[in-house]
Amino acid sequence: MKTSQITKYLFKRQIVILGEMYLVTFAAIYILPLLLSLITGTLHDYSFVQILKTSPITGFFSFFMFVIATLSYENFKFLIQNGISRKTFFEAQITVYGLFILIGNTVNLIYNYLIYTPMTNRDTFNIFMTTYAKFFSNGIITVIFNFIFSALTLVIMTLIGMTIGSFLSLFSKTWQRILLVATPIIGGVTMIYIINALETSSLKMTWVEHFAEFILGYHRSGIYNPFPMMAFMLLISVIMLAIVRYLFSKKQLKRE
Amino acid sequence: MSVLEVSHVSKSFGSKNVLQDVSLTFDENKIYGLLGRNGAGKSTLLNIMTNRIFADTGEVKIDSERINDNDAKLGLIFLMSEVNLYPNGNTLNQIVADTELIYGSFNHQLAERLAKEFDLDLTSKFGKLSTGYNSIFKLILALCVPVKFVLLDEPVLGLDANHREMFYSELIQTYTDNPRTFIISTHLIEEVANLISDVIVLDEGRIMLDQPVEDVLAKTHSVVGPQKDVDAYTKGLNVIGHDNMGTIRVNYVYGDLDDRRLPDTVQLSNFDLQKLFIFLTNQFEGSRHYEN
């Protein structure tokens, strides 16, 4: 199998896209306000630290992974042209995303701990630190589990992107447009209806509340336990990986 | 010797049956012509053979191994078609490098020579190529990758007459230098008739003919003479078409002639592959399909 060659190809191609996304975001968040301040003569109001506090660039990484993960069809076209099976494509793609998550997550946490926190005096830079940091008394253990928790979050965002991208790639461009427009509308309307129905209904959905408390690791003391959530994320990841594998096996060249 | 087998492949798009129980065998080191009218199912067949789309039933094998999820076998086959599967923003050199990375090797010497001959700038971006140069670049790739089966779907689309001639010449040269199997799907039958060793005719999703060209042409007979004599001579034979020129009648026969006596007023000769193809795939008065 040609998994290593395809891993190299996909890594080379997608690291460029990732780099471009970071550059654009960096320019939009940090450089653009500076330029606007210069032009409008309000440089005294520009605060790099303030921007850093409100828009940590590391938070965008999961969004970038989600976006890149939706773009599977373009790579599929080139690979099927060159005799690469869907199985090899899937394995190589998972390897590349795994590498991105490993590297990206490491860089993010180093940046957050060594640059962001000292500059802003804030250590609640991600969901784990906000919710679960108090569970561990040892700082090193906290960092390790922060790494694992953040990685799992990135894995899920990536797999959601792969699922959506692979699912949509099974349809023609016309149907993709219909699905992209109709799904949020139908989803939104359905959600509103359900919420309204629950509010007026006598049916007590206490099991939902209990389930959420369990998954979130809620404790009366206010110290949340991260392990149920991590186990849940791991389970969801495995299920989604199987779904993505199935969707990859169904990819075909579209008649366009 | 490698063998590419298509076994009982059928494919429908919606309610339209595009391929119906197609079975073919392609041997190594031959040049096949895959002929068929528009909508006959040629491109669909080639796409199924390279696993770009799935057949509804049947399978494709190389050396008795299914090609599905099989890099080793898929890597032996390359399809050049009008569909653009390369990133538009990449330069041609970049695409060559990526292709080499995947195949493990690439004939750069041949690629550079062909690019020079066709006046193709390899630093151009793929998305900026004209239709003709798009085809030329893809043809160059097809001739330079280390595969055993090269499938060409309308290879000369958009090429001017000079470039077409150059392509055919290069095809023969590369086939001589590095024998492998070529399967050429084309409408320009006259142009490929002298290149191909075997001919396959696909009509309405079914195989009508699958034989060596020599054998096929040996069975073509145009019977020319006065109508009465020609009709009398060809009575009981497989007449697949006819032409009238005043009082002269030409009956086109496909099949073996028996030992009946040839009248002095009637002449026999062979007719070409294009004419045979037109008659076999046309429905008109006095003709019937020849079932292979």
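Residues numbered from 1 in each chain as written. Chains lettered and ligands numbered in written order. Predicted model: local features only at pLDDT ≥ 70, side-chain atom pairs only at ≥ 80, totals over all residues. Heavy atoms only, no water.

Draft legend 1. Fine view of the sheet that holds strand 11 (residues 220-226) of chain B. All names here are of chain B. Within the open sheet, the four strands sit side by side as 12-13-11-14. Their pairing is antiparallel. At either end of the open sheet lies a strand with only one pairing partner, and these are strand 12 (239-245) and strand 14 (267-269). If you compare each strand with its neighbour and ignore which way they point, the axes differ by 20 degrees on average. Contacts between helix 10 (residues 273-281) and the sheet are confined to strand 11, strand 12 and strand 13 (248-254), with strand 12 contributing the most and set at about 110 degrees to the helix. (Pairing = 2+ DSSP bridges. Helix = DSSP H or I, 4+ residues; strand = E, 2+ residues; numbered from the N terminus. Axes fitted to C-alpha atoms, helices over the stretch in contact; angles between N-to-C directions. Contact = heavy atoms within 4.5 Å.)

Draft legend 2. Fine view of the domain arrangement of chain B. All names here are of chain B. What the domain assignment reports for chain B is domain 1 (4-211) and domain 2 (219-280). Averaged C-alpha coordinates put domain 1 and domain 2 at centres separated by 36 Å. In this complex, domain 1 contributes 12 residues to the contact, which on the side of domain 2 involves seven residues. For the pair domain 1 and domain 2, the two sides together bury roughly 860 Å², of which 73% comes from carbon and sulfur. It is Ile 189, Glu 190 and Leu 209 that lose the most area in domain 1 upon contact with domain 2, and together they represent 46% of the buried surface on that side. For the pair domain 1 and domain 2, the number of links is one residue pair in polar contact (both at pLDDT 80 or more). (Domains from an automatic or database assignment. Buried area = accessible area lost by both parts, 1.4 Å probe. Polar contact = N/O pair within 3.5 Å; in protein donor to acceptor, adjacent residues only side chain to side chain.)

Draft legend 3. Focus on a nonpolar patch on the surface. All names here are of chain A. A grouping of Phe 26, Ile 31, Leu 32, Leu 35, Leu 36, Leu 38, Ile 39 and Leu 43 is seen on the molecular surface, where their side chains present a nonpolar patch of about 750 Å² in accessible area. Looking at where Phe 26 falls in the secondary structure, it is placed in helix 1 (residues 3-40). Exposure remark for Phe 26: the relative accessible area of 38% places this residue in the partly exposed category. (Patch = residues over 30% accessible without salt bridge, like charges linked within 9 Å, V, L, I, M, F, W, Y side chains within 5 Å. Areas by Shrake-Rupley, 256 points an atom, 1.4 Å probe, with all protein chains shown as cover. Salt bridge = Lys/Arg side-chain N within 4 Å of Asp/Glu carboxyl O. Buried < 20%, exposed > 50% of the residue type's maximum accessible area, 1.4 Å probe, protein only.)

Draft legend 4. How the structure looks around the packing of aromatic side chains. Scanning the entire structure with this criterion turns up 34 aromatic pairs over all chains. Seen in terms of ring centroids, Phe 211 of chain A and Phe 232 of chain A are 6.3 Å apart; in terms of plane orientation they differ by 80 degrees. Their pairing is edge-to-face. Highlighted residues: Phe 211 of chain A in helix 9 (residues 206-216) and Phe 232 of chain A in helix 10 (residues 226-249), separated in sequence by 21 residues. For Phe 211 of chain A, a relative accessible area of 45% puts it in the partly exposed group. Looking at Phe 232 of chain A, the relative accessible area reads 29%, which means it is partly exposed. Summarising the aromatic geometry, the rings of Tyr 252 of chain B and Phe 279 of chain B are spaced 4.7 Å apart at their centres and angled 35 degrees between planes, so their arrangement reads as tilted. Linking Tyr 252 of chain B in strand 13 with Phe 279 of chain B in helix 10, this pair joins segments that are 27 residues apart in sequence. We note that Tyr 252 of chain B, like Phe 279 of chain B, is buried. (Phe/Tyr/Trp six-rings, centres within 6.5 Å; stacked < 30°, edge-to-face > 60°.)

Draft legend 5. Broad picture of the environment of Ser 37 of chain A. All names here are of chain A. Along the chain, Ser 37 turns up in helix 1. Residue Ser 37 is classed as buried on the basis of its relative accessible area of 9%. Residues contacting Ser 37, with those up to four places away along its chain left out, are Thr 42, Leu 43 and Tyr 46.

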